Structure formats: structure tokens, C-alpha cells
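# Secondary and tertiary structure notes
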Amino acid sequence: MQTILSIAIDAFAYGMALFIICIGLSLTMGLMRVVNLAHGAFAMIAGYIASYAARDLGLGYAIAIFLAIIGTVVISIPLERLLYRRIYGSPELTQVLMTIGITFCIIGITNYFFGPTLKTIPLPESLSQPVDLGIRTIAGHRLFVMACGVLVAVGLWYLIEKTDFGIKLRATVDNAAMADALGVRTPVIYAISFAIAIGLAALGGVVGAEFLPIEPYYALRYMVTFLVVVSVGGAGSIPGAVVACLLLGAIDTTGRYLMPEFGNFFFYAAVIAIVCVFPRGFFGRAQ
Amino acid sequence: MKVSRKLLGAAIGALLAGTVSSYADTIKVGIIGPFSGPFALQGKNFQAGVEAYMALNGKSVKGHDVEVIYRDLPAANPAQSRALAQELVVKDKVQYLGGVYFTPDAMAITPLLKQANVPLVIFNAATSAIMTQSPLVVRTSFTTAQTTTPLGKVAVDEGVKKVITIVSDYGPGVDAENAFKKAFEAAGGKVVEAIRMPMNTTDFSPIMQRVRDSGAEGLFAFLPSGPPTLGFAKAYSETGLKKAGIKFYAPGDLTQESDLPALGDAAEGLKTTFHYAVSHDSPENKKFVEAATKAIGSAEQLSFPSVGAYDGMHVIYKMIEATDGKQDAQKAVDAVKGLSWTSPRGPVSIDAETRHITENIYLREVAKGADGKTYNKEIQTFPNQKDPGLATQ
Amino acid sequence: MPSVGGRWLRDVIGVLLIVAAGLAGYWLFPDNLALLTRVIAVALLVLSLDLITGYCGVASLGQASLFGAGAYASGIACVNGVTEPLTLIAIGAVAGAMAGLLMGTIMLRAHGLAQLVLSIAIVQLFHEAANKASAYTGGSDGLSGLMVSPLFGMFEFDLWGRTAYLFGLALLVGVFIALKFIVSSPFGMLCRGIKQDPVRIRAMGAYVFPVLLKMFVISGAVAGTGGALAAISTQVVGLDSVSFELSANALVMLVLGGLGTLYGALVGTVIFMGFEHIVSAINPFHWMTMVGALLIAVVLVAPGGLSGLSERIFQSGKSMKGGRR
């Protein structure tokens, strides 16, 4: 029983780290209908900024996170204006290719500036202590990640369901032309949503750096994972993303515990099974 | 008159012979290593070792200039490895092949050595079986079996009777697991569980949970050096295993000097066995570290692949000397069988039968130096260790 | 609309050009034949991808599963005693076809993004399976030391790779001609129709699933042939032949050259791998940036890839001349 609880805690922590990164992608894909394979690249950029700020400049962890989010969003703005705007509404293959191209460029440039080695983000004293939960000891940082994940989920839900912006966003998603005709400034909505999505990716990249280490190939290596998670949960759905992250996180963690030799096998087998049964993901919208 | 003409002829002949043999030709050496990607630092170390050797011993051997050609192989990719080796031999016309970080890459090159008439001097790839693939392979690094075996007895001596082994699921990992189990059980210990995890694992918490569940008193681990070892060592201390008193044993790949800064205090106290520590106290090592640090640029980045490359170049130079610059792979390899010298790591020799390097293995502990930085401190020496993996074959 | 006879002539000239280019490669780069043979093997992979993506509209980031299936099948056969090269190619093709059947059955259940994700999951599964079954596949060490007996008993597969290259070239031309026949057949037309409008095809009375599945099998056979060729010529089979990276690269090469023309697949492969060889040697990360920039450029400027671009140039050339179409 203790083992099951222990695995559950690990799975929850990993799932939450994935969630924070993937929810942004889910929103981009579901609400804006853009397959953004460069999502992981933005998380990576944030990780690099945070690492540089915390390690080389010696700033605090909280400031590093803040700088990382701001920095990544700022970098994403010109990309959105110049490149992403051209592919809204394009066929999926085109979006895939464009965003893969952006990812490759970001990897190359990152390596050029930061070198090929792994970058760590030094944690503050308070978070690096192991915390004794009675049943097991857990790295304090993992509790922090779980807390962040829950906050993000609740915050997003509130934003989309209860605020003015949320109403306009949902209207634009359901029928952009109509919303536009009714006076909703859709380009602004898109731009803000994109910024939120990238900001979340940035947050996830920084806090998830313990699970997903920051190095130039990060963008490509975990892109598959992010894409898969979003497809399983259903693009555009917050509950879907939560369920998918937790479920896949649990399958992956349990698989690694019970049969480490098989590694990713269970993860991908589960993905195939789920996608075959739910082709649009758990809570995906019918297109 | 006739006598003086003969003398004159002989003198001219001697002069001509002299000028012909002093005509400088270039011997090309092809080095294959990871110069980009996640293991780029290891490739950089290869280059530093090569350049350090050439800085201290000159760029020519017996009148033959040595030219080094580097080819990048970022990851274990047998097909690309073979393509690069083939290109080096056919197009660049190298006389010697060196380097190779990963085992699969070495395995892919061995079939073409005979036809190419080129020997391969391995600077790193650490699986025992490579040497049996071709008689033209010489290795100046180590094997995981070689560095791991002394650890078995060390664990038992420290009172640890039950150990769980955790290795990455690939050639050297399996070698390490087998070598440790053999040595540990021969000394009276018992391996309670053996876990093999995939190479790309980044989250080690479930594994650490398994460690706890197994009731072992210690764990033995092996992962490829670089990002994976960093995560593993951190997980060990973060999940409280270190505090719970579960001892950590691993070969030195896990505490290589270039990773120690990132590990920080979490690494303190970790015991590892390895063939080389940058802190090794000997005049040869002092000279080497100075030259290699100059070549690599930053003292923090210096690590064990550099000494493998350094000694590899030594072997290649001796081969060139023995064949006088002519391309004869078998003659070159025969010439270095049994060769012994004092390397920066300690006294070494090339075993005549296995063509693998015999060397001292050291037990080290990660300690804090006077400058506050952690380093590998040698606390025990196991002299003249051969490769036990090959001895059994 | 060019007449059928005109298109026939264009294809014959096309094939002759391919043969000529191949022979030119043989004479011009005698020291690089190993690389060129690998280019041919990958070209077969990209051709197979063109069949399902260019002609059937099924995007896939997992084509390397079929390539790898062929490579490992012929590699395992070779290690176990089957060393005749033509047999090995046949084994590779059959293995690829079976893998294609499996992959098609799974992938065709979904559409759009889900389909893409399935293709990724499948290639990763194949990768894990190949890694796990190390007793047969050598795992991450790879399957090495494949000793292939001389072709027709006479031509040895040596270090300089002459036999391998000419063998590969012959294979490529043969497969290409066969594929040209297939895509211009009624079957091929049906596939293109499905790509454009599956609903209409169904309304016509044709079944979509069996047709696409058949194309998957053919595609698998072609990819498997490429994999077997790679195994024979490099004498090594590694996990990279069944990797996501190879699949993604194949898609990039195809897009670069242009979808749906078969020629585009060849052009894209040659250019991509040629550049990779040159630029990668200088600095591999600059290579990534270059490919990324190239992809973005292709999407923005030349959605039809290079062959689309050249066609547009020809069209505009014709209309500028004001000549007959």
C-alpha cells in the first residue's frame, strides 16, 4: 500500500510538471487550431533564461522564474506576428512543418549561445530539502511543482469560465467570424491567448527542469511527449489535459517502477490504445 | 683514382639515401568522437588529450609529420560510425583510426580494419567484447568490468551484505552489472535485485522507490556519463536515500570531474572506483593536466576521456615509430603489444594477448578541497588490474 | 493537360536522367560511394513516404518503422546464414510490407492529428521493441559484422562500395519505374482521389480503407527495400534506422523536394543529405538552424517544395512566352 501511494505521489508530481507545460499547447491547438510543435522549444528557452539568471547572474529562484516567463513571452511576440499568423487556418501538415522548422532553428541558436551541456537551475534552500511525508520522503521541489500545477489548473479554469476575457475567448473559439462581427477584437484575443500559452510553457519549463533537464535537444526530445499528451487529452480541454497528464504520468511512472527494462513501451502502447478508442482524445471537441 | 671514385660514389649514394629518408611525409590519424550534442564535452576532452600530447611530444615522429583529422559522431550511431570510418580510410587516406566514445560505434568499425589495413586505437568505448572483434584493435581507456570489479570487495569490506544493482540497459551497463555481481558475491555479498533501465530515463524516483522496497543496504549504479549520471546522483540524495544510510557504489563515470560542479554538495562522500582522477598526484599527471587544461580552455571541463586520448596518441606515436611511417596495421599492433609506460594516471601497459590496457584502479571518495570545490580523492589503489571481462573469454 | 504520350516521354526522360545522375555520381565521387549508397537507401524511404503522404494524404512521422523493419529483418537473416544479397533485399521488402500492413491498420483508424500521433507512437514502440529484443537485434549496440556474399557470386561488397552503389542504383531505378506505373494506374488515381475528397470517393462506391491499406503495404515494401539496402551496404544495423529522427528527416526531405511527384522525393533526399554532409562536418548545430530556416522558407514561399517551385517557374515561363499550353 505504501508503495502504491509512493508511486502515486511520484506520478502526480510528474503529471503536474507535464500539465503545466502541456496545457499551453492544448490551448493553442484546441482554441487557436495551431499545431505548435515549437511549444517545447519555448519551455526550453525559459529554462535557459532561468538557468542563466539563477546560476550566472546569481538572482533568486522566484526572480528567475519571473524573468524566464517575461523573456520567453517577449521572444514569442515577433514569432507570432511574423510566422504564426501566416499559418492560422493552414492544413495541419503545413503547421507541423513550420513549427518543426522553428524548433530546429531555436535548437541551433540555443546551442550556439549556451553550448551543448546540460543547464541546471539552482533551487533555493527551502525547496531542495527532502520533506518527510510520513509515508516517504520527497524532494521539496516536487511538492512545489504539484502546488504550481494545481494553481495553474484552478487559475485557468477561473479565467476561462468566470471572467470577461474567458467569455470572449470561448466566443472566438466557437465562431470567430460571429464574435468579430459582434465587436470582439479577435486578433487581440488570439495574441493574448498565445502569450498565456507561451507563458505557461515557460513556467512549466522552469519548474519541470528537474524532471526534464534543460539541454539543446530538449525541444525535440520531449515534443513527442507533449504532443502525445495533448492528443490523448483532447486539444482545448483543461479537464482533458489534467486527466491525460495524470493518467499518462501514472502509466509511465508505474511502468518504470514495475518493469524498468521496458521503459517507454507501456507509455506508447497506452497511447495507441487510447487514441484508437478515443480518436479525438478524452474530451476533445468534434471538429 | 678508382678508390677515390668509389669513395665519391659511396659518399654521393649515402647523401642521396640520407635526403630521401629525411623527406617529411604526413601520417594522417582519424579521430572519431562526439564533438557536438549532449556528449560534446567528452569529445572536447578527446581533443584536449590529443593536443596536450602533441604539445608535449611534438607534432612529428621520426621525421614523419602527424596530422589529426576529427570527425563528429554525436551519439551511438553504428551506421554513421562506419560511414565516417570508411570515409576517413578511403577518402582522407588515414593510416590510423582513433577515438570512439560509444561501444556500438566501435563494433561497427572493426569489420573494415583488415581490408583497410588500419589499426583502431580506442580512446574510450568500454565494453570488453570489442577486442575480440578484430586483432587490429588496441584500447587505452578501460572497461566497465575492469573499473567495477574492485568495488565488489570494497562494499563487503564496509559491511554491506545486500546490494541492489541499477544499470542502464546497454553494453557497458550489462558488463558493469555482471562484473560487480561476480566480485561482490565472490567476497560474500548478495545482490538482492538487478534493475536495468532504459538509456533515456530522466526521472529516477520510481527506481529509488524500488531501492527502498528491496531492503538493500547499498546500491550499485552505472549510467553513461553526462546528463543521466547527474540526475541519478541528485535523485539519490533528494529522495532521502543518502540520509537513510543506503550506501552508494558506482564506477567513476558517475562522478566525473566535469559533472562535480553541477552535483555540488550532493556528491560529497560518494565512493567510486576508476582508472583516473584529475587530482592524481604524480609528476606526469601535473604536466598532463597543465597541457590539457590549456588545450581545453577551462579546468572544470577536464575529465577522464582526455587521458584515454593522451595515452592513445602515445600508442599511435609508438606505432608510427615501429612501422617507420609505412602503412602496416598488423606490424603496428604487434609493436605495441606489451608496451609499458608511465601514464598521467599511473603505470600502464598494453596486454600482449588482449591488446587492452592494464592499469591501476583507484578507490576514490568525493571530498571538498581547500578551495571549497569537490574533487575525487584517491584513497586506495588496486594495482595492475587487467580486464576481467576478457580474461573469462 | 499534357497528352498521355507526352507524359510517357517525360517519365522515360526522367528515368534516364536518374540513371545518368547516378552514373555521374559513380565517376565523380569514387571515394564517397558509401555516402551515396546511403543516400539511395534513404531515397527509397522518402519515396515510400511520398506514396502515403503525397499520393494518399496520410501524414506520417513514423515511416522509419517500415525502413527499420526491413533493415533488421535482412540483418537478422544475414547473421543467421542467409547471405545472398538479392534474397536479403527480398526479405527486407517482405518485412517492410508486413510492417506497413500493421501500421496502416492502426493508423487508418484515426484522422488528422491523432493519426500523426499514432505514427509517432508506432515508431517509438518499434524502437523500444528493437532495443529490448537485443538478443536478436543487438539492442543499442546494433547488429554489426554482416557478411554479405558477393552479388551474383562475382561482385564483392568491398570497402570502396562500388558494388553496393551500382546495386543500389539499379534497385532504385527498378523501384522507381515500378512506382511510376503504380501511381498512374487506376489504383493510383483512386488514392489521389481519396487524398482530395474521401467522401466523394465513398459516394462513388469505392472503399477507402482497403485502398489506403494496400498503398501502405506497397509503401512498406519500398521502405523495407531501402532498409535492406542500408543493412547490406553498411554491414551494420543500428537503432537509428527505426527512430523518430529518421522519420522526421524523411518528411522534411519529402517536403523540400515536393509531395506527390516521386521526383520530388529523390531531389529532396539528394539535396538534404548532400547539404547535411557538407554543413554538418563544419558545425552540426549550424546545420539544424539551416534546416529549420529552410523549412520555414519552404512553408512560406514554396509550399509545393522544390518541384512545385520549378513547376511554377515553368508555368510562368510558358505563360510569359504566351505559348501553347
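In what follows, the structure referred to is the one given above.
What comes next is a walk through the structure. (Residues numbered from 1 in each chain as written. Chains lettered and ligands numbered in written order. Predicted model: local features only at pLDDT ≥ 70, side-chain atom pairs only at ≥ 80, totals over all residues. Heavy atoms only, no water.)

## Some words on the side chain of E359(B)
All names here are of chain B. The criterion, for reference: Labels follow the DSSP assignment, with helices taken as runs of H or I lasting at least four residues and strands as runs of E lasting at least two, numbered in each case from the N terminus. The classification of residues rests on relative accessible area computed with a 1.4 Å probe and restricted to protein chains. Under 20% of the type maximum is buried, over 50% is exposed, and intermediate values are partly exposed. Polar contact criterion, stated in full: a pair of N or O atoms within 3.5 Å, where within protein one must be able to donate a hydrogen and the other to accept it, and residues adjacent in sequence count only if both atoms are side-chain atoms. Any two residues having at least one pair of non-hydrogen atoms within 4.5 Å are treated as being in contact.
Tracing the sequence through the fold places E359 in strand β14 (residues 357-368). With relative accessibility at 0%, the residue E359 sits in the buried group. Separated by 2.4 Å, the side chains of E359 and R345 make a polar contact. For E359, the contacting residues outside a window of four places in its chain are S141, F142, Q146, H275, R345, P347, V348, F382, P383, N384 and Q385.

## Re the packing of helix α7 (residues 164-174) of chain A against helix α9 (residues 186-207) of chain A
A packed helix pair is summarised by two numbers, namely the angle formed by the two axes and the spacing between the axes. Residues and elements named next belong to chain A. Quick note on the threshold: Helix axes are fitted to C-alpha atoms over the stretch in contact, other axes to C-alpha atoms as well, and angles between N-to-C directions run from 0 to 180 degrees. Oblique is the label for any angle not under 35 degrees, not over 145, and not in the 65 to 115 range, which are roughly parallel, roughly antiparallel and roughly perpendicular in turn. Basically, the charged four are Asp, Glu, Lys and Arg, the nonpolar ten are Ala, Val, Leu, Ile, Met, Phe, Trp, Tyr, Cys and Pro, and anything else, Gly included, counts as polar.
Across the interface, α7 lies against α9 with an axial gap of 10 Å and an inter-helix angle of 110°. When the interaxial angle is binned, α7 and α9 end up roughly perpendicular. Counted together, F165, K168, L169 and T172 of α7 and T186, I189, Y190, I192, S193 and I196 of α9 form the full contact between these two elements. In terms of residue class, the contact of α7 with α9 is built from six nonpolar, three polar and one charged.

## So, the sheet that holds strand β4 (residues 96-99) of chain B
Residues and elements named next belong to chain B. Short version of the rule: Any two strands are treated as partners once DSSP identifies two or more bridges connecting them.
Strands sit in the order β2-β3-β1-β4-β5-β6 across an open sheet of six strands; the sheet is mixed. Lying at the two open borders of the sheet, with one neighbouring strand each, are β2 (60-61) and β6 (137-139). The pairing of strand β1 (residues 26-33) with strand β3 (residues 64-72) spans eight bridges and is classified as parallel. Residue pairing for β3: G30 is matched across the bridge by I69. Helix α2 (residues 40-57) rests against β1, β2, β3 and β4 of the sheet, and its axis sits at about 170° to β3.

## Observations regarding the interface of chain A and chain C
When the parts of a complex come together, some accessible area is lost, and that lost area is often used as the size of the interface. Going by this rule: As a working definition, buried area equals the accessible area (1.4 Å probe) given up by two parts on being put together, with both sides summed. Salt bridge, as used here: a side-chain nitrogen of Lys or Arg that lies within 4 Å of a carboxyl oxygen of Asp or Glu.
The interface of chain A with chain C comprises 41 residues on the first partner and 32 residues on the second. Of the roughly 3400 Å² buried between chain A and chain C on both sides combined, carbon and sulfur atoms contribute 85%. When the buried surface of chain A facing chain C is broken down by residue, L97(A), F104(A) and I272(A) rank first, second and third, together holding 18% of it. For the pair chain A and chain C, the number of links is zero salt bridges. For the pair chain A and chain C, the interface holds two residue pairs in polar contact (both at pLDDT 80 or more). Mapped onto the side of chain A that touches chain C, the elements with two or more residues apiece are α3 (61-87), α4 (92-114), α11 (223-233) and α13 (265-277) of chain A.

## Details of the packing of aromatic side chains
This is how the line gets drawn: A pair of Phe, Tyr and Trp rings is counted when the ring centres sit within 6.5 Å of each other, with Trp represented by its six-membered ring. The angle between the planes then sorts it: under 30 degrees is stacked, over 60 is edge-to-face, the rest tilted. Counted as over-ring charges are cases with an Arg CZ or a Lys NZ within 6 Å of the ring centre that also lie within 35 degrees of the ring normal.
Enumeration according to the criterion identifies 30 aromatic pairs over all chains in this entry. Ring centres 5.5 Å apart and planes at 70° place the aromatic pair Y112(A) and F113(A) in the edge-to-face group. For F113(A), a relative accessible area of 61% puts it in the exposed group. Aromatic pair Y53(B) and Y317(B): ring centres 5.0 Å apart, planes at 80°, arrangement edge-to-face. Of this pair, Y53(B) sits in helix α2 while Y317(B) is found in helix α12 (residues 305-323), placing the two residues 264 residues apart along the sequence. Each of the two residues, Y53(B) as well as Y317(B), counts as buried. One aromatic cluster is present, formed by F39(B), F46(B), Y101(B), F102(B) and F123(B) through successive ring pairs. Its guanidinium or amino end placed over the ring of Y257(A), R210(B) lies 5.4 Å from that ring's centre, counting from NZ or CZ. In this structure, K214(C) is placed above the aromatic ring of F187(C), and the distance from its NZ or CZ to the ring centre is 4.6 Å.

## Looking at the nonpolar core
Our working rule: The nonpolar core is taken to be a set of buried Ala, Val, Leu, Ile, Met, Phe, Trp, Tyr and Cys residues, with the residues joined through side-chain atoms within 4.5 Å.
Among the nonpolar cores identified, the biggest contains 210 residues, and F19(A), Y84(A), Y218(A), F226(A), V271(A) and L47(C) are the most heavily contacted of them. Per element, the largest residue contribution to this core is 15 residues, and it comes from helix α1 (residues 2-31) of chain A. Setting aside residues no more than four positions away along its own chain, Y84(A) makes contact with V34(A), N36(A), A38(A), F42(A), L79(A), T99(A), I102(A) and F194(A). Grouped together as the second largest cluster of nonpolar side chains are 74 residues, V66(B), F288(B), I316(B) and A332(B) included.

## Topic: the pairing of strand β11 (residues 271-274) of chain B
Residue and element names in this part refer to chain B. Here β11 shows no split at all, with K271 and T273 on one side and T272 and F274 on the other all buried. Two elements, strand β10 (residues 247-251) and β11, share three bridges in a ladder whose sense is parallel. Counted as the bridge partner of P251 is T273 from β11. Relative to β14, β11 is paired through four bridges, and the arrangement is antiparallel. The partner of F274 across the bridge, within β14, is Y362.

## A short note on α12(B)
Condition: For a helix, the expected span equals 1.5 Å multiplied by the number of residues minus one.
With 19 residues, α12(B) extends 27 Å from end C-alpha to end C-alpha; this agrees with the ideal 27 Å at 1.5 Å per step. The first or second residue beyond α12(B) is D324(B), which carries a positive phi of 50°.

## Considerations on the environment of V121(B)
Residues and elements named next belong to chain B. By the element assignment, V121 lies in strand β5 (residues 120-122). According to the relative accessible area criterion, V121 is buried, its value standing at 0%. Between the alpha carbons of V121 and S343 there is a distance of 16 Å; along the sequence they are 222 residues apart. Excluding its chain neighbours within four sequence positions, the residues that come into contact with V121 are L97, G98, G99, V138, T140, G312, V315, I316 and M319.

## Considerations on unusual backbone geometry
The phi dihedral of K93(B) falls on the positive side, at around 55°, and the residue is not glycine. By the element assignment, K93(B) lies in the loop between α3 (78-90) and β4. One non-glycine residue, L262(C), adopts positive backbone phi at about 65°. Tracing the sequence through the fold places L262(C) in the loop between α11 (244-257) and α12 (263-282). According to the relative accessible area criterion, L262(C) is buried, its value standing at 0%.

## Focus: the interface of chain A and chain B
On the chain B side, the residues contacting the 30 residues of chain A number 26 residues. For the pair chain A and chain B, the two sides together bury roughly 2400 Å², of which 53% comes from carbon and sulfur. Connecting chain A to chain B are one salt bridge. The partner of E210(A) in a salt bridge is K234(B), and the shortest N-O contact between them spans 3.8 Å. Here chain A and chain B share four residue pairs in polar contact (both at pLDDT 80 or more) between them.

## Observations concerning the pairing of strand β12 (residues 340-343) of chain B
Residues and elements named next belong to chain B. Burial along β12 is one-sided: the face carrying W341 and S343 is buried and the face carrying S340 and T342 is not. In the sheet, β12 pairs with strand β13 (residues 346-350) via four bridges, with the strands oriented antiparallel. For S343, the partnering residue across the bridge sits in β13 and is G346. Linking β12 to β13, which pair antiparallel, is a turn of two residues.

## Let's talk about the side chain of S74(C)
Residues and elements named next belong to chain C. Following the sequence through the fold, S74 ends up in helix α3 (residues 64-79). Using a relative accessible area of 2% as the deciding quantity, one classes S74 as buried. Reaching out from S74, the side chain makes a polar contact with the backbone oxygen of G70 at a distance of 3.0 Å. There is a polar contact of 3.2 Å between the side chain of S74 and the backbone oxygen of A71. If we ignore the near neighbours within four places in the chain, the residues touching S74 are L88, I91, G92, A228 and A231.

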